[in-house]
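For reference, the chains in residue letters:
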Amino acid sequence: QVQLVESGGGLVQAGASLRLSCTASGRTFSASAMGWFRQAPGKEREFVAVIKWTGDRAYYADAVKGRFTISRDNTKNMVWLQMSSLKPEDTAVYYCAGDRSAWRVPFGAKDYSYWGQGTQVTVSS
């Protein structure tokens with residue numbers, strides 16, 4: 001059984017930083033992209049960042065570019081999302097996602113087969 005487990009969310013003030021972690025088990029994602037998505041109340045789940053299976057290329061949503069950094073360690077089957085200069089509009093449940101397929105970099109939520117349970121990030125003004 002494949003599981004993705006996120007941690008690291010919390011309540012912070014605007015301008016603060018948080019680091020989210022995602023630990024995968026049940027299969028290796030060393031040949032697959034890993035992504036982060038978020039969903040705010042009343043809104044659809046949206047793309048935040050994705051990292052290539054090699055870990056040497058990442059892509060970001062415009063809203064987080066320059067503030068968030070995604071990274072991964074295939075030996076540990078983990079992916080992280082370092083979030084800096086947080087804004088109230090970053091408040092959402094953040095989800096880790098794993099692609100079932102190999103050798104591609106998907107940006108849409110529908111392209112990911114594996115999801116974590118989510119971790120709440122709340123940024124106060």
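Please refer to the structure placed before this passage.
From a predicted model like this one, the values you see are computed outputs, not experimental measurements. (Residues numbered from 1 in each chain as written. Predicted model: local features only at pLDDT ≥ 70, side-chain atom pairs only at ≥ 80, totals over all residues. Heavy atoms only, no water.)

> Can you explain the overall build of the protein? Please cite residues and give values.
In terms of regular secondary structure, the protein is built from zero helices and eleven strands. Sequence-ordered secondary structure for the protein, helices as α and strands as β, is β-β-β-β-β-β-β-β-β-β-β. Overall size of the protein, expressed as C-alpha extent along the three principal axes, is 40 × 25 × 25 Å. Classification of the 125 residues of the protein by burial places 42% in the buried group. Carbon and sulfur atoms form 48% of the exposed surface of the protein, whose accessible area is close to 6,300 Å². (Helix = DSSP H or I, 4+ residues; strand = E, 2+ residues; numbered from the N terminus. Buried < 20%, exposed > 50% of the residue type's maximum accessible area, 1.4 Å probe, protein only. Areas by Shrake-Rupley, 256 points an atom, 1.4 Å probe, with all protein chains shown as cover.)

> If you had to explain the sheet that holds strand S7 (residues 68–73) to someone new, which residues and values would you point to?
What holds strands together in a sheet is hydrogen bonding between their backbones, with the strands either parallel or antiparallel. A sheet is described by the order of its strands in space; here four strands give the open sequence S1-S3-S8-S7, paired in antiparallel fashion. The open sheet terminates on both sides in strands that have one partner only, identified here as strand S1 (3–7) and S7. Averaged over all adjacent pairs, the angle separating strand axes in this sheet is 15 degrees, with direction ignored. (Pairing = 2+ DSSP bridges. Axes fitted to C-alpha atoms, helices over the stretch in contact; angles between N-to-C directions.)

> Any details on the pattern of salt bridges? Residues and values, ideally.
A complete count under the given rule lists six salt bridges for this structure. Close ionic contact of Asp62 with Lys65 constitutes a salt bridge, the shortest N to O distance being 3.1 Å. Residues participating in the shared-partner salt-bridge network are Arg38, Glu46, Arg67 and Asp90. (Salt bridge = Lys/Arg side-chain N within 4 Å of Asp/Glu carboxyl O.)

> Go over the packing of aromatic side chains, please, and point to the residues and values.
Under the defined criterion, the tally for this structure stands at nine aromatic pairs. Considering the side-chain rings of Tyr112 and Trp115, the 6.2 Å spacing of their centres and the 65 degrees angle between planes classify their relative orientation as edge-to-face. For Tyr112, a relative accessible area of 5% corresponds to the buried category. We classify Trp115 as partly exposed; its relative accessible area is 26%. In this structure, Arg45 is placed above the aromatic ring of Tyr95, and the distance from its NZ or CZ to the ring centre is 3.7 Å. (Phe/Tyr/Trp six-rings, centres within 6.5 Å; stacked < 30°, edge-to-face > 60°. Lys NZ or Arg CZ within 6 Å of the ring centre and 35° of its normal.)

> Outline empty space enclosed by the protein, supporting the account with residue identities and numerical values.
Scanning the model with the defined rule gives one cavity of 30 Å³ or more in all. The computed volume of the largest cavity comes to approximately 50 Å³. Lining the largest cavity are Ala24, Phe29, Met34, Arg72, Asp73, Asn74, Asn77, Met78 and Val79. Within the residue set of the lining of the largest cavity, elements represented by two or more residues are S7 and strand S8 (78–83). (1 Å grid on protein atoms, 1.4 Å probe; cavity = no way out; pocket = protein on both sides within 12 Å on 5 of 7 lines; lining within 4 Å. Points joined across faces, edges and corners; volume = space filled by probe spheres on them.)

> Explain the environment of Ala97 to me, using residue names and the numbers behind them.
Considering the arrangement of structural elements, one finds Ala97 in strand S9 (residues 92–98). Residues Ala97 and Phe107 lie ten residues apart in sequence; the distance between their C-alpha atoms is 11 Å. With residues up to four places along the chain from it excluded, the contact list for Ala97 reads Leu4, Ala33, Met34, Gly35, Phe37, Tyr112, Tyr114 and Trp115. (Contact = heavy atoms within 4.5 Å.)

> Got a sec to walk through the nonpolar core? Specific residues and values, please.
Core analysis: the biggest nonpolar cluster contains 33 residues, and Trp36, Leu81, Met83 and Tyr94 have the highest contact counts within it. Secondary-structure elements contributing two or more residues to this core are strand S3 (18–25), strand S4 (34–39), strand S5 (46–51), S7, S8, S9 and strand S11 (119–124). The element that contributes the greatest number of residues to this core is S5, accounting for five residues. (Core = buried A, V, L, I, M, F, W, Y, C linked by side-chain atoms within 4.5 Å.)

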